[in-house]
Amino acid sequence: MGKYILSLDQGTTSSRAIIFDHDGSIKAVAQKEFKQIFPQPGWVEHDAMEIWTTQASVAAEVILKARLTGENIAAIGITNQRETTIIWDRKTGKPIHNAIVWQDRRTADYCDTLIKEGKEQLVKDKTGLRLDAYFSGTKIKWILDNVPDARQKAENGELAFGTVDSWLVWNFSNGKLHITDVSNASRTLLFNIHDMKWDAELLALFDIPAAMLPEVKQSSEVYGYSEATLTPYRIPIAGIAGDQQAALFGQLCTQPGMIKNTYGTGCFMVLNTGDQPIPSKNNLLTTVAWQINGKTSYALEGSIFIGGAVVQWLRDGLGIIRHSADVENLAATVPHSDGVYLVPAFAGLGAPYWNQYARGTMVGLTRGSTAAHIARAALDSIAFQTMDVLRAMEADAGMPITEIRVDGGATKNNLLMQFQADIVHVRVVRPTITETTALGAAYLAGLAVGYWDSIETIAKQWKIDATFDATMEAAESKRLCGEWKRAIRAAQAWTEE
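Residues numbered from 1 in each chain as written. Predicted model: local features only at pLDDT ≥ 70, side-chain atom pairs only at ≥ 80, totals over all residues. Heavy atoms only, no water.

The name recorded for the chain in an unreviewed UniProt entry is Glycerol kinase, from Chitinophaga eiseniae. The chain has a UniProt comment under Pathway (unreviewed entry) that states "Polyol metabolism; glycerol degradation via glycerol kinase pathway; sn-glycerol 3-phosphate from glycerol: step 1/1." Per UniProt, the chain has the following entry under Catalytic activity (unreviewed entry): "glycerol + ATP = sn-glycerol 3-phosphate + ADP + H(+)". (UniProt positions renumbered as here; feature names shortened; annotations may be inferred.)

What follows is the structure, encoded as structure tokens:
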């Protein structure tokens, strides 16, 4: 039996485990969904113990499915939903509160207060991020302020904070490792992306004791070993990256100027900017892509909060489709949305607008509007939001973008991919393996243990499944984009009271 890489992909709605072979092909997959908890409007939580148990069980299941044992696993790579915040007791290993999810808006007012106090520029200069409820820092503060005795315990060094990667590694290593990698650290509002360490001034601003924080590591190195949680074998844990950075690496966008867009629950566009962080003038985020062999790569990122989740809403909220996959057939029954535009700002608007009070808005409805038109408008909204981010990226990077590599569940939808190419007038390229997030984590782990000898070797594995080129007249595309801008203005107007 040969050796394989086990990739753990801990996402917002499910935990997955995928085994990859030396060619970067998938040998087996296991997946479990877990509960979404909504204590009140705008709040989103997960049970951290459920994150751990689902991830551990799919890891064990996928090894069985592939008919392997722990002995056949060369290394474990981990990729995770970012910004989601967990605080646990170091002695018991038990969380002191549910995980507060990246989508959660409970700290929005606190962020506004800090912005009014003029703190945003300081935060932006050090972290490359905006002062927004999306990131971990304000979530940590909320838990410390709202869970009895939490602040005192944190100051005594009894509590540990981690994003989901840290929580999984802590559990897999049986409490021996309290670490994170640079890509996850760069999403906390507490990490200085220029000197690559936790920032004392930011910790003081958010009133967070340094004793809680994990040690920051590279994205590809042997951190330690899984203790007997998974199999009796000690397997090296050797790669960690936040999901979007992992997808950028899995798409082998390893050179400056290469760009990928992931169509998941949200959509995340990331542009590799090389060894220099580029400050954004267009409301994008500057972030750490990864650090390998002591060399840091940076990226620009645009986050769209609601991408594929708009299709789940059509299914669960409106009930106009039975399965997410049905949306393409329904939308294809009409030639276009017939003037209907849906702005799916269910959790506020992300880049490049950053209006956290915006809410979902549908405009252009007539008596002739049908479920098919709404389905079409929902799909179109994913492409329009992507276009807005792409234009902001071109402006920040000062270069035109000619190709986007795409991945994530919604890329199976050819109707959406063609409309995307038409709207942005850029070639859209879908690779054979669209599980690029898990693949990126596998590559990072495999490089650390010598399973693959170099990035150049793995770059040869990237294969194209389909390309989509613009077929729409430029004038029509321009007209549609103009209408979309009007729909955005309508959604923004709703927040003006």
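Read on, since the account is not over.
1. Observations concerning the packing of helix α1 (residues 48-65) against helix α6 (residues 164-172)
Close contact between α1 and α6 brings their axes to 10 Å; oriented N to C, the two are set at 65 degrees. In the packing of α1 onto α6, the handedness of the crossing is right-handed. Mapping the contact onto sequence places Ala48, Met49, Ile51, Trp52, Gln55, Ala56 and Ala59 in α1 and Val164, Trp167, Leu168, Asn171 and Phe172 in α6. Looking at side-chain class alone, the contact of α1 with α6 contains ten nonpolar, two polar and no charged residues. (Axes fitted to C-alpha atoms, helices over the stretch in contact; angles between N-to-C directions. Helix = DSSP H or I, 4+ residues; strand = E, 2+ residues; numbered from the N terminus. Left-handed = near helix turned anticlockwise from the far one by under 90°. Contact = heavy atoms within 4.5 Å. Nonpolar A, V, L, I, M, F, W, Y, C, P; charged D, E, K, R; others polar.)

2. Points about empty space enclosed by the protein
Scanning the model with the defined rule gives two cavities of 30 Å³ or more in all. Computed from the structure, the largest cavity encloses a volume of approximately 50 Å³. As for the largest cavity, its lining consists of Ser303, Ile304, Phe305, Leu349, Gly350, Ala351, Pro352, Tyr353, Gln385, Asp388, Trp484 and Ile488. Secondary-structure elements contributing two or more residues to the lining of the largest cavity are β18 (295-304), α12 (371-397) and α16 (474-493). Of the residues assigned to the lining of the largest cavity, the class counts are eight nonpolar, three polar and one charged. Looking at the second largest cavity, its volume works out to about 30 Å³. As for the second largest cavity, its lining consists of Trp102, Gln103, Arg105, Tyr134, Phe305 and Ala347. Looking at the lining of the second largest cavity residue by residue, the class counts come to four nonpolar, one polar and one charged. (1 Å grid on protein atoms, 1.4 Å probe; cavity = no way out; pocket = protein on both sides within 12 Å on 5 of 7 lines; lining within 4 Å. Points joined across faces, edges and corners; volume = space filled by probe spheres on them.)

3. Brief notes about the nonpolar core
By size, the foremost hydrophobic cluster in this structure holds 101 residues, and its most contacted members are Phe384 and Met393. The greatest single-element share of this core, amounting to 14 residues, is contributed by α12. Not counting the four nearest positions on each side in its chain, Phe384 is found in contact with Tyr341, Phe419, Ile423, Leu480, Cys481 and Trp484. If you look at the next biggest cluster of nonpolar residues, it comprises 37 residues, including Ala66, Leu68, Trp167 and Ile240. (Core = buried A, V, L, I, M, F, W, Y, C linked by side-chain atoms within 4.5 Å. Buried < 20%, exposed > 50% of the residue type's maximum accessible area, 1.4 Å probe, protein only.)

4. Comments concerning the packing of α12 against helix α13 (residues 414-424)
Orientation of α12 relative to α13, taken along the N-to-C sense of each, is 40 degrees, at an axis distance of 9 Å. When the axes of α12 and α13 are compared, the pair comes out oblique. Two packed elements cross with a definite hand, and for α12 against α13 that hand is right-handed. Contact residues: α12 offers Arg376, Leu379, Asp380, Ile382, Ala383, Phe384, Thr386, Met387, Leu390 and Arg391, while α13 offers Leu415, Leu416, Phe419, Gln420, Ile423 and Val424. A per-class count over the contact of α12 with α13 returns eleven nonpolar, two polar and three charged. (Parallel < 35°, antiparallel > 145°, perpendicular 65-115°, else oblique.)

5. Here's the deal with the pairing of strand β5 (residues 73-80)
Residues in a regular strand project their side chains so that they alternate between the two faces of the sheet. Of all the eight residues making up β5, eight are buried; the element is thus mostly covered by neighbouring parts of the structure. As judged from the seven bridges shared by strand β1 (residues 4-10) and β5, these two strands associate in the parallel manner. Of the residues in β5, the one forming a bridge with Tyr4 is Ile73. Strand direction decides the pairing type here: β5 and strand β14 (residues 235-242), joined by five bridges, are parallel. Bridge pairing links Gly77 to Gly239 in β14. (Pairing = 2+ DSSP bridges.)

6. Here we look at the packing of aromatic side chains
For the structure on display, the rule yields 18 aromatic pairs. Chaining the aromatic ring pairs together yields one cluster made of Trp102, Tyr134, Phe135, Phe268, Phe305 and Trp354. Its end group placed over the ring of Trp43, Arg106 keeps NZ or CZ at 3.9 Å from the ring centre. A cation over a ring is seen here: Arg405 above Trp462, with NZ or CZ 3.4 Å from the ring centre. (Phe/Tyr/Trp six-rings, centres within 6.5 Å; stacked < 30°, edge-to-face > 60°. Lys NZ or Arg CZ within 6 Å of the ring centre and 35° of its normal.)

7. Digging into the UniProt feature "binding site: glycerol" (unreviewed entry) in the chain
If you check UniProt for "binding site: glycerol" (unreviewed entry), the listed places come out as Arg82, Glu83, Tyr134, Asp243 and Gln244 in our numbering. Set against the second largest cavity, the annotated residues that line it come down to Tyr134. The topology assignment puts Tyr134 in the loop between α3 (120-127) and α4 (136-146). Here Tyr134 falls in the buried class, since its relative accessible area comes to 1%. Counting through the fold element by element, Gln244 comes out in helix α9 (residues 243-250).

8. Observations concerning the environment of Arg391
Looking at where Arg391 falls in the secondary structure, it is placed in helix α12. A relative accessible area of 37% means that Arg391 is categorised as partly exposed. For the pair Arg391 and Met417, spaced 26 residues apart in the sequence, the C-alpha separation amounts to 17 Å. For Arg391, the side chain forms a polar contact with the main-chain oxygen of Val424, separated by 3.1 Å. (Polar contact = N/O pair within 3.5 Å; in protein donor to acceptor, adjacent residues only side chain to side chain.)

9. Here we look at the environment of Arg234
In this fold, Arg234 is placed in the loop between β13 (220-226) and β14. Each C-alpha atom of the pair Arg234 and Ala410 lies 36 Å from the other, and the pair is 176 residues apart in sequence. Leave out the neighbours within four places in its chain, and Arg234 touches Tyr225, Ser226 and Glu227.

10. Comments concerning a nonpolar patch on the surface
On the surface, a nonpolar cluster with roughly 200 Å² of combined accessible area is contributed by Val222, Tyr225 and Val449. Relative to the helices and strands, Val449 resides in the loop between α14 (436-448) and α15 (455-459). For Val449, a relative accessible area of 30% corresponds to the partly exposed category. (Patch = residues over 30% accessible without salt bridge, like charges linked within 9 Å, V, L, I, M, F, W, Y side chains within 5 Å. Areas by Shrake-Rupley, 256 points an atom, 1.4 Å probe, with all protein chains shown as cover. Salt bridge = Lys/Arg side-chain N within 4 Å of Asp/Glu carboxyl O.)

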